[in-house]
Amino acid sequence: MSTLAVFPGSFDPLTNGHVDIISRGLRIFDRIIVALLVNAEKAPLFSTSERLDILREVFRSEPRVEMDTFDGLLVDYVERRKAQVIVRGLRAVSDFEYEFQMALMNRRLNGRIETVFMMPAEQYTYISSRLIKEVFSLGGKVDGLVPALVEERLRRKLAVKS
Ligand code: PNS
């Protein structure tokens, strides 16, 4: 049986931590769907289509990674796509409580789907999309923490805003 996993998130923007988790996931799963949540309450820096475009570009040469968007309950989306696993990255103990709650709620909602946590490489354990946006907007360097394409898009976005 081929294993299909869903890696859900906001990806606003994609970081090297996300890329690292997807690469690690490909060692375990046959295919991974990167599922971008749309219609979240918070106002994103990048629009859904901009985020999808970045994801598609970064994983252009990886046929086992598919990009998609989803709305509503994650478990319903996973079921609809006939996937078996939800992949989430765990960076630090501080992630654990929220992730644990989500995993158990998702299990309660659909017991056929398993959540698998993966640890990113140490050099990415402290990065988050929120921190990247904050540091970049205040003039800090984020090279090596996000794909070069994301850095370029951040620069463009900031130039338009200022
Ligand atoms: O990158 P994020 O913002 O940490 O991702 C959070 C995400 C998208 C995985 C989570 O908010 C989610 O699954 N939302 C969909 C709605 C849902 O199913 N909520 C119940 C989760 S227990």
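Here's what I pulled together on the structure shown here. Here, residues in each chain are numbered from 1, in the same order as that chain's written sequence. In keeping with the predicted nature of the model, local features appear solely for residues at pLDDT of at least 70, side-chain atom pairs appear and are counted solely at 80 or more, and the whole-chain, interface and lining totals rest on all residues. Note that the side-chain values use all heavy atoms of the structure and ignore hydrogens as well as water.

Looking at the overall build of the chain
As a reminder, the rule being used: Only DSSP runs of H or I reaching four residues or more are called helices, and only runs of E reaching two or more are called strands; each is numbered from the N terminus. The globule rule used here is 2.2 Å times the number of residues to the 0.38 power, and the radius of gyration it is set against is calculated over C-alpha atoms. Only protein chains enter the accessibility calculation, which uses a 1.4 Å probe; a residue whose area is less than 20% of its type maximum is buried, one above 50% is exposed, and one in between is partly exposed. Note on contacts: a residue pair is in contact if any heavy atoms of the two residues lie within 4.5 Å. Surface accessibility in these figures is a Shrake-Rupley result with a 1.4 Å probe; residues are shielded only by whichever protein chains are displayed. In this tally, Lys and Arg are treated as positive and Asp and Glu as negative; His is ignored, and so are the chain termini. A charged residue contributes its charge at one atom only: NZ of Lys, CZ of Arg, CG of Asp or CD of Glu.
When you go through the chain residue by residue, the secondary structure sums to six helices and five strands. When the helices and strands of the chain are read in sequence order from the N terminus, they spell out β-α-β-α-β-α-β-α-β-α-α. Against the 2.2 N^0.38 benchmark of 15 Å for 162 residues, the chain shows a C-alpha radius of gyration of 16 Å, consistent with a compact globule. Projected onto the principal axes, the alpha-carbon positions of the chain cover approximately 50 × 35 × 30 Å. Relative to its 162 residues, the chain shows a buried fraction of 44%. By sequence separation, contacts in the chain at least 24 residues apart represent 76% of the contacts at least 6 residues apart. Counting only carbon and sulfur atoms, one obtains 53% of the accessible surface of the chain, whose full area is about 9400 Å². Computing the positive centroid from 24 side-chain charges and the negative centroid from 22, the chain places the two 1 Å apart.

Regarding the sheet that holds strand β4 (residues 85–89)
For clarity, the threshold we go by: Paired strands, in this sense, are two strands between which DSSP finds at least two bridges. Axes here mean lines fitted to C-alpha atoms, for a helix over just the part in contact, with angles spanning 0 to 180 degrees between N-to-C directions.
Spatial ordering of the open sheet is given by β3-β2-β1-β4-β5, a layout of five strands whose pairing is parallel. On the outer flanks of this sheet lie β3 (65–70) and β5 (114–118), each paired with one strand and no other. The mean angle between the axes of side-by-side strands here comes to 30°, regardless of whether they run parallel or antiparallel. Bridge analysis of β4 against β5 gives five bridges, and the strand direction is parallel. Counterpart to R88 in the pairing with β5 is F117.

Comments concerning the packing of aromatic side chains
The condition is simple: In this scheme Phe, Tyr and Trp rings, the latter by its six-membered ring, pair at centre separations within 6.5 Å, and the angle between planes marks the pair as stacked below 30 degrees, edge-to-face above 60, and tilted otherwise.
As enumerated under the stated definition, the model contains three aromatic pairs in all. Between F96 and F100 the ring centres are 5.1 Å apart and the planes differ by 25°, which places this aromatic pair in the stacked class. In this pair, F96 and F100 are both assigned in helix α4 (residues 93–109), four residues apart and thus about one turn of the helix distant. The exposure class of F96 is partly exposed, given its relative accessible area of 40%.

What about the site of the ligand?
So the rule is basically this: If a single non-hydrogen atom of a residue is within 4 Å of a molecule or strand, that residue counts as near it. Under the rule applied, a polar contact is a pair of N or O atoms within 3.5 Å (in protein, one hydrogen donor and one hydrogen acceptor; residues adjacent in sequence only if both atoms are side-chain atoms). Charged means Asp, Glu, Lys or Arg here, nonpolar means Ala, Val, Leu, Ile, Met, Phe, Trp, Tyr, Cys or Pro, and polar covers whatever is left, Gly included.
G9, S10, G72, L74 and R88 are the nearest of the 14 residues found near the ligand. Contacts to the ligand include L74, whose backbone N or O atom sits 2.8 Å from an oxygen atom. Notes on the ligand: free accessible area 550 Å², of which the protein chains cover 75%. For the shell around the ligand, the secondary-structure elements that each account for two or more residues are β1 (4–9) and α4. Residues of the shell around the ligand, tallied by class, amount to eight nonpolar, four polar and two charged.

Some details on the side chain of S129
Structurally, S129 is set in helix α5 (residues 129–137). With a relative accessible area of 15%, S129 lands in the buried category. Contacts of S129, omitting those with residues within four sequence positions, involve D12, P13, T15 and H18.

As for the nonpolar core
Buried together is how nonpolar side chains tend to be arranged in soluble globular proteins. Put simply, the rule is: We define the nonpolar core as a collection of buried residues of types Ala, Val, Leu, Ile, Met, Phe, Trp, Tyr and Cys that are connected through side-chain atoms lying within 4.5 Å of one another.
Residues L14, I32, V34, F59 and V87 are the most contacted members of the largest nonpolar core, which totals 33 residues. Elements represented by at least two residues in this core include exactly β1, α1 (16–28), β2 (31–37), α2 (48–58), β3, β4, α5 and α6 (148–161). In terms of residue count, α1 provides more of this core than any other element does, four residues in total. Aside from chain neighbours lying at most four places away, what touches F59 is L14, V19, I22, V65 and M67. One finds I33, L74, Y77 and A83 within the second-largest nonpolar core, a separate group that totals twelve residues.

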